[in-house]
Amino acid sequence: MTLGFDNEKYLKEQSEEIRRRAGKYGRLYLEFGGKLINDFHAARCLPGYDPNVKLRLLQTLKDQAEVILCLFSGDIERKKMRADFGISYADDALKLIDDLRGLGLTVRGVVITRYQEQPAVMQFRAKLERRGVRVYYHYKTAGYPADVDTIVSDIGYGKNEYVQTEKPIVVVTAPGPGSGKFATCLTQIYHEYRAGKTAGYSKFESFPVWNLSLDHPLNIAYEAATIDLDDKNMIDPYHKEAYGVETVNYNRDVDAFPLLVAIWQKMTKGVCPYKSPTDMGVNRIGFGIIDDEVVRHASKQEVIRRFLRYQCAFAEGSSPRSMVERAKELMDSLGLKTEDRVVVEAARRAAEEAQLAGKGKAGGTIVSGAAIQLKDGRIVTGRNSDEMHAAAAMVMNAVKTLSGIPAQIPLIGPNVIHSITHMKQDILKVGYTSLNLDEALIGLAISATTNPAAQIAMEKLNELRSCEVHMTHMVTPGDQAGLRRLGCRFTSDPYYATNRLFTGER
């Protein structure tokens, strides 16, 4: 992989700026924008970026920093999912606590924001507290956003529970966006000032990148990733007015800035230390870019991936058409088409060739194609059959290619396939019998005990991590689970693999 980003340079720049900000206050509340752990969006757009570089940064600050975790009550109630892991935000919060503790970082507690006495939220609180994790409730802020006098009062921020902290830097983070991090920071600062203490606020940002142009593909990729939040990049008007310099920010921070200034002045009875939303952010990610062309190409690929994902979400009924239309606008702004993602055309061609060869299947199942681009640039394809899903066939073909195993040599023994299909069809009575990818990986592991070729091929699975994959039909749960385990970056066309409304696969 050609690198476009230098983690060490970024770490140095970012940590120095955080320490500089923290030195101005008795305590700094540092809102962490984006994902603290496993920031795969950044890794896809910035080749070379360590998805856990923010954790590495916190490790360097662990003697000075502790963590507050936020979770929006509505996300718990709706069981909102984190798309790249396939787990709920609530479960991701538990994982985040484990990971932070494992690095020696103190997690002071979990703040559940905009709490409305939902039963699912109360159950989640009980679960955490019985495991020794402190939980705090914050409520919808009275008077927000217009009535500053009410917001900065005992019935506004004062109604929210205060999280007792000790260290000079308090990191406020969450599993995802819209979790109430900003309000949590301001609530804490309100309580600090009421107690006669001084506290400050800054925002640890990654995107948009303030010192790149508005139309840079990296900034457009961020906008594509946050269409569901209705985020739009824009020139920061406050920064331009204060300094005469154009910088990039986004609508939510720009819209909220006058309110922040008013609240800050009301709480502290002093002048707000920031003249613009850009001032507010600690964002040195642009200084870590070492090859702009590599980053531009990777970011364009991410825009295509997001467009394909929104198409599928619309087909499934989970997203409105407006999101697809917005994603298409961003594609057009960069002059992109889906075929610019090389695995797209390869997967579609594999399906077409199988159809022309008369490999269609009965019972409503449609011929599907899948393609993977190996790290050396080679493209390997697969198609569905009575034995395997297209994704499973593709992965088996890929590890054969990496191992130099001839195509005609089977990796999963016929007896293993027969045993699995017999169990599914005759014992479990499920509605499909061909092996999805998750099942095929288990079959490969079983076959490796007696088949040397399967053993060699299985050892090559790690080489598929971060490889690009596309399928001509939407991913089934079993294929999705397998692709996630392998760490592949997958997309699909917005079509179902069968005409049947119910397949029995979960």
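Peer 1: Give me the side chain of serine 319: which residues, what numbers.
Peer 2: Along the chain, serine 319 falls in the loop between helix 13 (292–316) and helix 14 (321–333). Overall, serine 319 belongs to the buried group, its relative accessible area being 14%. What serine 319 contacts, discounting residues up to four positions off in sequence, is Ala313 and Phe314.

Peer 1: Pulling in residues and values, what's your account of the packing of helix 16 (residues 390–403) against helix 18 (residues 437–447)?
Peer 2: Across the interface, helix 16 lies against helix 18 with an axial gap of 8 Å and an inter-helix angle of 40°. As the angle between them shows, helix 16 and helix 18 are arranged oblique. Touching Ala391, Ala392, Val395 and Met396 of helix 16 are Leu437, Ala440, Leu441 and Leu444, all from helix 18. The residue makeup of the contact of helix 16 with helix 18, split by class, is eight nonpolar, no polar and no charged.

Peer 1: Describe in detail the sheet that holds strand 5 (residues 106–113), supporting the description with residues and values.
Peer 2: The strands making up a sheet associate through hydrogen bonds between their backbones, and the pairing can be parallel or antiparallel. If you walk across this open sheet you meet the seven strands as 6-5-2-7-1-8-11, and the pairing is parallel. The sheet is open, and its two edges are formed by strand 6 (135–137) and strand 11 (281–282), each paired on a single side. Its contacts with the sheet put helix 5 (residues 89–102) on strand 2 (65–72), strand 5 and strand 7 (169–173), and the angle it makes with strand 2 is roughly 175°. Helix 8 (residues 181–194) rests against strand 1 (28–32), strand 2, strand 5, strand 7 and strand 8 (200–204) of the sheet, and its axis sits at about 175° to strand 1.

Peer 1: Which residues make up empty space enclosed by the protein, and what are the values?
Peer 2: Per the counting criterion, the structure on display carries one cavity of 30 Å³ or more. Looking at the largest cavity, its volume works out to about 70 Å³. The wall of the largest cavity is formed by Lys35, Leu36, Ile37, Asn38, Arg82, Asp92, Lys95, Leu96, Asp99, Ala174 and Pro175. Among the residues forming the lining of the largest cavity, the class breakdown is five nonpolar, one polar and five charged.

Peer 1: Outline helix 18, listing residues and values.
Peer 2: Most of helix 18 sits inside the fold, with eight of its 11 residues counted as buried. Taken together, the buried positions of helix 18 are Leu437, Asp438, Glu439, Ala440, Leu441, Gly443, Leu444 and Ser447. Looking at the buried residues of helix 18, the elements they touch are helix 16, helix 17 (414–427), helix 19 (452–458) and helix 20 (477–486). Where helix 18 begins, the side chain of asparagine 436 points an oxygen toward the backbone nitrogen of aspartate 438, at a separation of 3.1 Å.

Peer 1: Go over the sheet that holds strand 14 (residues 468–471) with me, naming the residues and quoting the values.
Peer 2: Taken in spatial order, the four strands make up an open sheet running 13-12-14-15, and their pairing is mixed. The open sheet has two free edges, formed respectively by strand 13 (379–383) and strand 15 (489–492), since each of these has just one partner strand. Adjacent strand axes in the sheet meet at a mean angle of 15°, parallel and antiparallel pairs treated alike. Direction of pairing for strand 12 (residues 369–373) relative to strand 14: antiparallel, over a ladder of four bridges. Within the sheet, the bridge partner assigned to alanine 370 lies in strand 14 and is methionine 471.

Peer 1: Pulling in residues and values, what's your account of the nonpolar core?
Peer 2: Ranked by internal contacts, the top residues of the largest apolar core, which has 103 residues, are Leu46, Tyr49, Leu100, Leu218 and Ile263. Among the elements that take part in this core, helix 11 (residues 251–268) stands out by supplying seven residues, more than any other.

Peer 1: Quick rundown of the pairing of strand 5? Include the residues and the values.
Peer 2: Summarising burial for strand 5: six of the eight residues are buried, a large majority. Inspection of the sheet shows strand 2 paired to strand 5 by seven bridges, in the parallel sense. Following the sheet pairing, cysteine 70 is matched in strand 5 by valine 111. Alignment of strand 5 against strand 6, held across three bridges, turns out to be parallel. Residue pairing across strands places isoleucine 112 opposite tyrosine 137, the latter belonging to strand 6. Regarding the hand of the β-α-β motif, the stretch spanning strand 5, helix 6 (residues 119–129) and strand 6 is right-handed.

Rules used throughout
In this numbering scheme, every chain counts its residues from 1 along its sequence in written order. The predicted nature of this model means local features are confined to residues of pLDDT at least 70 and side-chain atom pairs, given and counted, to a pLDDT of 80 or more, with totals for whole chains, interfaces and linings taken over all residues. Calculation of side-chain values draws on the structure's entire complement of heavy atoms; hydrogens and water are dropped beforehand. By definition, any uninterrupted DSSP run of H or I lasting at least four residues is a helix, any uninterrupted run of E lasting at least two residues is a strand, and each is numbered from the N terminus. Here's how the labels work: a residue is buried when its accessible area is under 20% of the maximum for its type, exposed when over 50%, partly exposed in between, all with a 1.4 Å probe on protein chains only. Throughout, a residue-residue contact means that at least one pair of heavy atoms, one from each residue, lies within 4.5 Å. The axes used here are C-alpha line fits, helices contributing only the stretch in contact, and every angle between their N-to-C directions lies in the interval 0 to 180 degrees. For classification purposes, an angle smaller than 35 degrees is called roughly parallel, one larger than 145 roughly antiparallel, one from 65 to 115 roughly perpendicular, and anything else oblique. In this classification, Asp, Glu, Lys and Arg are treated as charged, Ala, Val, Leu, Ile, Met, Phe, Trp, Tyr, Cys and Pro as nonpolar, and every other residue, Gly included, as polar. Pairing between two strands is assigned when DSSP locates at least 2 bridges connecting them. In the cavity and pocket records, a cavity denotes points on a 1 Å grid over the protein atoms alone where a 1.4 Å probe fits but cannot get out, a pocket denotes an open set with protein on both sides within 12 Å along at least 5 of 7 lines, and lining residues are residues with an atom within 4 Å of a point. Grid points are joined across faces, edges and corners, and a volume is the space filled by probe spheres set on the points. Any pair of N or O atoms that falls within 3.5 Å is considered a polar contact. Within protein, one atom must be able to donate a hydrogen and the other to accept it, and sequence-neighbouring residues count only if both atoms are side-chain atoms. Among the buried residues, those of types Ala, Val, Leu, Ile, Met, Phe, Trp, Tyr and Cys that are joined through side-chain atoms within 4.5 Å form a nonpolar core. Here a crossover is taken to be right-handed if, once the strands point away from the viewer, the path from the first strand over the helix to the second is traced clockwise.

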